[in-house]
Each structure stands twice: as structure tokens, then as C-alpha cells.
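Here are the chains, one letter per residue:
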Amino acid sequence: MQRLEGIFYNDSFASVPETEFNVADYGAVADGKTLTTEAIQKTIDAAAEAGGGRVIFPAGTYLSGALFVKSNVELHIGEGVVIQAIQNNDYYPRLATRIAGIEMLWPAALINVYDEKNVRITGKGTIDGNGKYWWDSFWGDPKYSGGMYGEYNEKGIRWAVDYDCERVRPVVVWESEDVLLKDFTVQRAGFWTVSLTYSTRVHVDGLVVQNNIGGHGPSSDGVDTDSSKDVLVENCDIDCNDDNLCIKAGKDADGLRVNRPAENIVYRNCITRSGHGLITLGSETSGGMRNIEVYGLEAIGTSTGIRFKSAKVRGGVIENIWFHDIKMKDVANPFHFELNWYPEYSYCNIPESIPEEEIKDRWRVLSQRVIPEEKGIPEFRYIKISNVKVENAEQAFYANAYPEKHIHDISFEDVKVEAKESGKLSYASDWTMTNVLLVSASGKPIELLECNNIQQPEILSLTENEEPKPEIIQSLEEQMKQLSVNKEVVIIPVNPTAKQAVAQGDTTLFSEEMQIHILQQKEASLSYQEPMGDGGNFMPVDITFKSKNGIIEVKAQREHNFKFVVSAETEPTNVTGADNWQYDPENKHIVITKKGNSFSIQIN
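No experiment lies behind these values; they were computed from the predicted model shown.

Caption draft 1: Molecular detail of the overall build of the protein. Along the protein, the regular secondary structure elements total nine helices and 45 strands. The C-alpha atoms of the protein give a radius of gyration of 26 Å, which matches the 25 Å a tight globule of 604 residues would have. Within the protein, the proportion of its 604 residues that are buried is 56%. On the protein, the mean spot of the 59 positive side-chain charges and the mean spot of the 89 negative ones are 1 Å from each other.

Structure follows, in C-alpha cells:
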């Protein structure tokens, strides 16, 4: 931190000449209707050609496509100034970049710093990503009603949507040095908000991100540092719909080929609100991460706190990380380390049903195998977490690594967590807990699976001086009987992994196998929640039974092996849309199996 302060707090850092260039003098009209890309770019180019200077704007809204800030230029977006993205990809030329860990061509951002040095973007104004156009192209309106997401889900290539649905980012710094981003607000990002890739000496200070205006966009990360070094992010306020503060380093075979780490990075004194991660490492980890300090953060209602994400094809060594002096309130998962993150997204396989001529080059890159396979196993080690206070959490501790390579040498010191559940660790080794207090509703220790040398925290029950009440465990049959006492109940999903019969509105763990019991021939629908990816974000599973025409409809985001048990007095003629079916005359029900996520089955 001292070294970075010596760089960024020096008056000479990213300094530019004081000469001002007014965009109005070059024809820019601030009416929010006239396209001003050319006029603003002329102003930037004029400043660069003069040896540098400050580009300024009269107050108003400037509709624009991609802008490219040049070396020795400051783009000053003053108070009352809005630069708004035009909702048309034709105005954002496709450039070489890296998207979610893979190098490819992609539309330029609204504001770009591309292969430049000594650049400033400052001011109390607003960069408006105008993102709903891109949100709807991704998943439709309302959310999950269509878009490319729905189309690709049906084809079994959900993992390709993020790469094929080309969404414009508000701010990108690419292969650049000595860059200052200070004080402005970014709202309604079409995709990641501020993306720093392959860059050195970048200072992000005092940004406000407001992406949940007029809806919730997919993957609207706040500030992402991607395979860059000597980076300071501080004093930011982030409200988004994905990882609020994030560090990345490439994905799978392509990320291992590039092999550029994220290193020498500090994130400090920031607030996060809505979003999926106060501070996230991953899921792109291939180039490795090291020498990172994160402190002075506060999470208010963010779904996950300190979050690690990776997969068994990512690779990379993540080490020498220190998180300290952090507060979390109403954060469901304060310490959540999932190294087998979101399998439907992480493990890319091109279905045989897709014709060869339809396969895109980027799909081949995404599905390229890591050889040897063990090179794809990431390693998280030598990580310290100290002076952290957590209030009103759901699950205190969660970690899941690999039998072949544990998450190891993790130290907790001076930590207090209040949570409903203590949590679970799988494939972890050498964790120390010094002055760590877990105040848990269950009063139980952390569950350990295939772990070595794990210290438990001091554990207190939320109920004063009371022994935790013994948990009453009902069998699945007892649970179903209890639910079916209400004669109006028609549909009962059963999660055999969690040993849970699911009622309307329940939340359940993800299970590869799901059983759906339809108890009577009667019109009905039911919706429950299951986790997307590693459990930081929950999505509905909707089941409808139309008894008049014998149709079962399922809409889910993740694939399951479904088994339907449908009450029927007589054997049907046929069941269309099923993988297999048979009639059980003794118990008078049809047993139907189907693998998928969203589909219809008709009982004839």
C-alpha cells in the first residue's frame, strides 16, 4: 500500500497539460438526441495532437457511441454532464479484447483507454450505459422470458451466451499505463461496468456505480481488475447485479496460454450494496493472483462477502492475499469459497446436436481441453482474514475445493460472525482460527468433509445459555404426507440429495436428481427456488400441470435428471417429450424420466 500511495498520490501521476478543449467548439450538442460521437472524438484528438490537454463539456446529455481517450488527455465529465450510450452496436467497433477470461473480438466500450499512457477520466458527471437494450437482448423482458439466454439454454449451450450476446461496457482500460479514473458516476451498465485489463498503474478513486436502475442487468460487475498490476481501487460505492469488486486472471486453456497474473493490487474503503460479491476472486483464475490487500470495505445487503470462484479447468495459483478491517451486514454468505463454481457455465461442451457449420470459433476456444488435466486445478493458499465483523448472515463459512488439491493455509484472526448456520468445508487443510467467535442459531460446529487440520471457531448459540434444541428430522415420506394433508396440494417436488420435500416458495439446494410428484389430475402450478452456480444467486424453478390436455411444463435455469410420478387411474396411450416412461398399474401412477431444464411433456 505504501508503494502504491507513493505512485498514485504523487502530483506527477497521470498529469496532463492544463489547456482546455471544449466539445461545444467542435460541434457537440447536449440535447440527449443528437449523436455527438464524432464531435467529442474530434475534441479528444485535437487535445492529443496539441501534446495533451483537458476535454470539457457544457452541462447536458451527450448521446454517443464509442469514444477513445488518448495519451496525455483528461476527459473531464463535470457535474451536470451525462455521456449516454447510444443503443446500437453499429456505433461500437469490434476490437481485440478479453471477455470473461477469453481473448476475442468484441464491441468497444462507451469510454475506452486503449493502448495509451497518461490518461485521466474525472469529474462529478455521469456515464450512462443505457443498458436495458442489452439486458433485454440477453434474457428478454421480463427477465428470463426469452432473449439469447432462452435460445441457448434450449440448445444446451448456456455457457456461450455471455460471449455471443455482445453487450457494451461503459468504461474499459486495455493494455494501458498510468491511468486515473476519479469521482464520476456510472449507471445502467450493459455488461461489466469498469474493466481494467492487461494494464499497469491504474488508480480508481471515488466512483459511484448504480446499475439497478430500471431493472437488473446480467453480469453488471462493478470494478473488475483483470490480469493487471499495480492497481489501487478506493472510496467507491457499488450497487450492481453481479460481483461488486472483482479480480480476474483469465479462463481455462486460453487463460493458461496468456498466463498473465493479477498482482500488486489494493481495494480499500469501498461500500457495496446490491450485488453478488463484496470482493470476488475469480471465477477466471488461470494466470494466478498474488500480493493483494483488501481492507476498509463495508457490505450492506450484498448477497456474498469474501468470495472465491474457480473451476477444475481454470488453473492458476492464488496466494498472498490479506483481507482485513471489513464489516458486513445482512450478507447471506460472508465467507464463500466455491472452487467448482457453476458447472453449467464453467465446463463448456459443444452438444453433438449442433451442426458443424454453426459452431463459432470462440466456442472451440471455450471448449478446448486443458492438457494435462491437473494443470487445470487451481490452488488457493496463504490467505489471511482478520478484523472482520459480520451481522445477520445465513451461512457463516463455506468452502469446496478438490480431493487432489485442497484450499489450504487459510488464517482467520479477530473475526466475529452472527449467522443462522455454521457452514461446511470440503477439501480444506491447515486453517487456523485465532480469536474467532461464531454466534450461530444452530450452535453446531462447522461441518467438515475430507478436511485436515482445521481449527473450529469458538461457537455460541444465539439463544442465551440454552443448549441447542435437538433437530427433528422427518423422512421424505413424512414430509410428503404432511404437505399432502392439504387436499389442494397437487405438485410436490422432492430433492433426494437434501432429503427435502419442497413446498410452494421454498428454497432448496441444487441436486442433479429431482423427483416431481403429481398427486391428482387437477390444474396446478408451483414455483420454488434453487441456487445458480455456487448458491450466491437463486432462481425459480416453475412447474405447471395442465390436466385437461395432460401437459407437464418445467422452466428451470439448471439441468436436472427429472423423475415424474404422476397419479393416473389408467395407462396412457403414449407420453411425448419424455426420455422414458412406464405405467405402474399396482400403484396407479406413471413414472416419467426427462433430462433437461426447460421442456414440455404430454401424457396422451
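Caption draft 2: Spotlight on the packing of aromatic side chains. On inspection of all chains with the given rule, the structure shows 26 aromatic pairs. Seen from their ring centres, F57 and Y62 are 5.2 Å apart, and the 70° between their planes marks the pair as edge-to-face. For F57, a relative accessible area of 10% translates into the label buried. Between F335 and F412, the ring centres sit 5.3 Å apart and the planes meet at 85°, which makes this aromatic pair edge-to-face. Separated by 77 residues along the polypeptide, F335 in strand 30 (residues 333-338) and F412 in strand 32 (residues 407-426) bring together distant segments of the chain. For the pair formed by F335 and F412, the shared burial category is buried.

Caption draft 3: Structural context of helix 2 (residues 37-49). Relative to the 18 Å expected for 13 residues at 1.5 Å per residue, helix 2 spans 18 Å between its end C-alpha atoms, a close match to the ideal helical length. Buried residues along helix 2 sit in contact with strand 1 (20-22), strand 2 (31-35), strand 3 (53-56), strand 4 (60-64), strand 5 (67-68) and strand 6 (73-76). In the segment just after helix 2, G51 is the residue with positive phi, at about 95°.

Caption draft 4: Fine view of the nonpolar core. With 104 residues, the main nonpolar core has L181, F323, F335, F397, I407, F412 and W431 as its most contacted residues. The leading source of residues in this core is strand 31 (residues 379-400), at nine residues. Not counting the four nearest positions on each side in its chain, F412 is found in contact with F335, F337, I385, F397, W431, T432, M433, T434 and V436.

Caption draft 5: Region of the structure containing the pairing of strand 29 (residues 317-329). Across six bridges, strand 26 (residues 289-295) lies against strand 29 in parallel orientation. Of the residues in strand 29, the one forming a bridge with I292 is I321. Where strand 27 (residues 298-300) lies against strand 29, three bridges are found, and the strand directions are parallel. What sits directly across from E298, in strand 29, is K327. The pairing of strand 29 with strand 31 spans eleven bridges and is classified as parallel. Each residue of the ladder has a partner; that of K329, found in strand 31, is E391.

Each value, and the rule that gives it
- Residues numbered from 1 in each chain as written.
- Predicted model: local features only at pLDDT ≥ 70, side-chain atom pairs only at ≥ 80, totals over all residues.
- Heavy atoms only, no water.
- Helix = DSSP H or I, 4+ residues; strand = E, 2+ residues; numbered from the N terminus.
- Rg over C-alpha atoms; globule rule 2.2 N^0.38 Å.
- Buried < 20%, exposed > 50% of the residue type's maximum accessible area, 1.4 Å probe, protein only.
- Lys, Arg positive; Asp, Glu negative; His and termini not counted.
- Charge placed at Lys NZ, Arg CZ, Asp CG, Glu CD.
- Phe/Tyr/Trp six-rings, centres within 6.5 Å; stacked < 30°, edge-to-face > 60°.
- Expected span 1.5 Å × (residues − 1).
- Contact = heavy atoms within 4.5 Å.
- Core = buried A, V, L, I, M, F, W, Y, C linked by side-chain atoms within 4.5 Å.
- Pairing = 2+ DSSP bridges.

Everything listed is a geometric property; what it means functionally is a separate question.
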